[in-house]
Each structure stands twice: as C-alpha cells, then as structure tokens.
Amino acid sequence: MTITKTWLITGTSSGFGKALATLVAQTDGQHLLATARKMADLDYLDAFDHGQITKIILDVTDDAEVAALSDKIRAAGGVDILVNNAGLGYFATTEEAQAADVRQLFDVNFFGLAAVTKVVLPFMRAARQGVIVNISSVLGLTSLPTLGYYSASKYAVEGYSEGLRQEVAPLGIQVMLVEPSGARTNWAGASGKHVIPALADYQAFKANVVGVKNGAGHEPGNPTKIAQLIFASVTNETQVPLHLPLGAFATNAAQEHLTAVLNEVTARRATALKADD
Ligand SMILES: NC(=O)c1ccc[n+]([C@@H]2O[C@H](COP(=O)([O-])OP(=O)(O)OC[C@H]3O[C@@H](n4cnc5c(N)ncnc54)[C@H](OP(=O)(O)O)[C@@H]3O)[C@@H](O)[C@H]2O)c1
C-alpha cells in the first residue's frame, strides 16, 4: 500500500477526533498519527491497524510532550494534514466564571493548538505543502450567553488562523477553520465544565447552562458525518475553504451575525473615515 497522506490529529479519544481518526484509519493510503492523553483510549484503532497507524501520547498543554512530537513527525517523514481538534467546553456567565478554569480553557483550546502548530510548521515549510485544520466552532463566529469565554477561546483560534493563513499561503500551506454547531460528542457533557448561575441577576441564563448539560448527547450534529465532511474538504478540494461551518445552526447563526456586523460596519463608514488625518 502506498501512503499518500500523513495525518496528525489531536484529541482522538472521543468525539470528532475519534470519528475522523476512525475514517482516516479505514481509508487506503493514509498514515495516521493519532494522539490522546491516555494510550488506552486509542485501543479502538487496533481493529484498523495494518502498520499505518502511530499512536502518540499528547496533552496539548504539556510542553515536553508537544516538543517530543517533532521526533515522531520526523520518523513519519512529515505531516500532510494537521487537525487541531483537542478542546474543552466551558459554560458560565462571564462574571461567575473562575479564572483558573478560563486559563485552562485557553491553554487547551488556543495555546495548545498554537503550540502543536508551531512544531508542525517547520516540516510543512520544508515540504512546501500541507493543510492545517483548526477545529473552531460556530461560537468562533458569534456568541451566546454563558458561552462568552468559550467563544473567546474560539475567536482566538479564528484570528490566529486568519493571520497564519496569510503567512503560510506563499509557502504552499493551507489553513482551514471548521465551525460546527452542537454535535453528539462529550463536549457539552463530560468534557465540559458547567457553572450554574448563582447570582440573582443572571437567573435568566440558568436554563442555558442546565439546558446544554441535559441536552448533551441529543444535539443535531452527527460526528461521523462531520468527520466525513472535513475529510472530503481536505482531500477533494485543491484549495480548501478558509471557513467550513457545519450544521444548520452553524450556517444560520454565522450568516445572521456576520450580516449584522457587515451592516453595522457599513453604517459607520463615514465615522470611521474621520479617524485618520
Ligand atoms: N461537540 C460540539 O458541539 C462542538 C461544536 C463546535 C466545536 N467543537 C470543538 O470540537 C473539538 C472536539 O471536541 P468534541 O466535540 O469532539 O468533544 P469531546 O468528545 O469532548 O473530545 C474532546 C477531545 O479533546 C481532548 N482533550 C481535552 N483536553 C486535552 C488536552 N489538554 N490535551 C489533549 N487533548 C485534550 C479530549 O481528550 P480526553 O478524552 O483525554 O479528555 C478529547 O479527545 C473541540 O475543539 C471542541 O471545542 C465541538
């Protein structure tokens, strides 16, 4: 079997990462570098392994484990597709959010993603090709009550990716942002932290946090279909899209929010132009 593409995917123990790793592992010609925090969480890959799968322990917030990736990538002969998937959910009003939780959220969702990308980039630059897929969220394009900090972590991913894209496009490296809406993974359940609003002024938002927790596992998004759509976008298109919203809520909410932003920017154009000499 000739290997045509090597994938490095973070957070393949569950959810989107597991669905995508399963698809890559079952598709001819793909070499998979599957990462997880616990090796035992990757046992499910054994059923598909005929020598094309490399399992790697990786907590994206662990500097030593991130640095050690370099040798693994060199041994694999480089990486064609990096999927920065590892991420956490966090559900709290902005005033009631805990500072340590917010730092952990950003450590995983943003700084971890950036650290892994930094290790992969030298290999992609040397090869003058590669695709970096950053799993953002529709909440990287708009936000909702009790999701302000989660959104902030994903807006960080969006801004970082837009800047990165312009730096690496001349080197043959593409960047894609995936922006799903609610899907049936552990994100809203076991992987998320839920802070029920306690302040009387925020009781209206209690239902948001309770609702997302109780609704975990019943979201419309299907991780298997999402993995297939990501795989198809990366492998079938010569030029990957910068934005890939997935799910009805994702496309509707993104369109509504971005239209409102465009309308407001357009309405303030005359004022904006007065700021320069
Ligand atoms: N599901 C949704 O509704 C939704 C919508 C939009 C975007 N997203 C994003 O999709 C991505 C995948 O999440 P998911 O929905 O598939 O949820 P999930 O089932 O909870 O999977 C999250 C993955 O991230 C891993 N992870 C957490 N902290 C990590 C760390 N410090 N280092 C390495 N891996 C870590 C988890 O590993 P462990 O098993 O070890 O915890 C798990 O493999 C996340 O970036 C999430 O923000 C999800």
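My aim in this report is to walk through the structure given alongside it, one point at a time. (Residues numbered from 1 in each chain as written. Predicted model: local features only at pLDDT ≥ 70, side-chain atom pairs only at ≥ 80, totals over all residues. Heavy atoms only, no water.)

### Quick look at helix H3 (residues 99–127)
So, point 1. The end-to-end C-alpha distance of H3, which contains 29 residues, comes to 41 Å, matching closely the 42 Å that a straight helix rising 1.5 Å per residue would cover.
So, point 2. Along H3, the largest kink reaches about 40° and is centred on Asp107. (Helix = DSSP H or I, 4+ residues; strand = E, 2+ residues; numbered from the N terminus. Expected span 1.5 Å × (residues − 1). Bend = angle between axes of the 7 residues up to and from the residue.)

### Notes on the pattern of salt bridges
So, point 1. Applying the stated criterion to the full structure yields four salt bridges.
So, point 2. Across the salt bridge formed by Asp71 and Arg74, the nearest N and O atoms sit 2.9 Å from each other. With Asp71 and Arg74 both in helix H2 (residues 63–75) and three residues apart, the pair spans about one turn of that helix.
So, point 3. Since its relative accessible area comes to 53%, Asp71 is described here as exposed. (Salt bridge = Lys/Arg side-chain N within 4 Å of Asp/Glu carboxyl O. Buried < 20%, exposed > 50% of the residue type's maximum accessible area, 1.4 Å probe, protein only.)

### Points about the packing of aromatic side chains
So, point 1. Using the criterion set out here, one finds five aromatic pairs in the structure.
So, point 2. Summarising the aromatic geometry, the rings of Phe110 and Tyr160 are spaced 5.6 Å apart at their centres and angled 85° between planes, so their arrangement reads as edge-to-face. Here Tyr160 lies in helix H4 (residues 148–168) and Phe110 lies in helix H3, a separation of 50 residues in the sequence.
So, point 3. A network of ring pairs unites the aromatic residues Phe91, Tyr150 and Trp187 as a single cluster.
So, point 4. Over the aromatic face of Tyr44 sits the side chain of Lys18, whose NZ or CZ is 4.7 Å from the ring centroid. (Phe/Tyr/Trp six-rings, centres within 6.5 Å; stacked < 30°, edge-to-face > 60°. Lys NZ or Arg CZ within 6 Å of the ring centre and 35° of its normal.)

### Digging into the site of the ligand
So, point 1. Taken together, the neighbourhood of the ligand is formed by 29 residues, with Ser13, Arg37, Tyr150, Thr185 and Ser191 sitting nearest.
So, point 2. Within the side chain of Arg37, an N or O atom sits 2.7 Å from an oxygen atom of the ligand.
So, point 3. At 2.9 Å from an oxygen atom of the ligand is found a side-chain nitrogen or oxygen belonging to Lys154.
So, point 4. For the ligand, the protein covers 95% of the area, taking 890 Å² as the surface of the free molecule.
So, point 5. The residue makeup of the shell around the ligand, split by class, is eleven nonpolar, 15 polar and three charged. (Near = heavy atom within 4 Å. Polar contact = N/O pair within 3.5 Å; in protein donor to acceptor, adjacent residues only side chain to side chain. Areas by Shrake-Rupley, 256 points an atom, 1.4 Å probe, with all protein chains shown as cover. Nonpolar A, V, L, I, M, F, W, Y, C, P; charged D, E, K, R; others polar.)

### Concerning unusual backbone geometry
So, point 1. The backbone of Arg128 shows a phi angle near 55°, a positive value even though the residue is not glycine.
So, point 2. Mapping Arg128 onto the fold places it in the loop between H3 and strand S6 (130–135).
So, point 3. Even without a glycine there, the phi angle at Thr146 is positive, about 75°.
So, point 4. You can see Thr146 is positioned in the loop between S6 and H4.

### Structural notes on helix H6 (residues 223–236)
So, point 1. The end-to-end C-alpha distance of H6 is 19 Å, a good match for the 20 Å that 14 residues give at a rise of 1.5 Å each.
So, point 2. Listed in full, the buried residues belonging to H6 are Pro223, Ile226, Ala227, Ile230, Phe231, Ser233 and Val234. Projection of H6 onto a plane perpendicular to its axis shows the buried side chains occupying an angular sector of 165°, all on one side. Opposite the buried face of H6, at more than 90 degrees from it, the exposed residues are Lys225 and Asn236.
So, point 3. The opening residue of H6, the one whose side-chain oxygen lies 2.8 Å from the backbone nitrogen of Thr224, is Asn222. (Arc of directions from axis to C-beta.)

### Remarks on the environment of Ala267
So, point 1. One can find Ala267 in helix H7 (residues 248–267).
So, point 2. Counting along the chain gives 141 residues from Ala267 to Ala126, while the straight-line C-alpha distance between them is 45 Å.

Shape is all these values report; function is a separate question.
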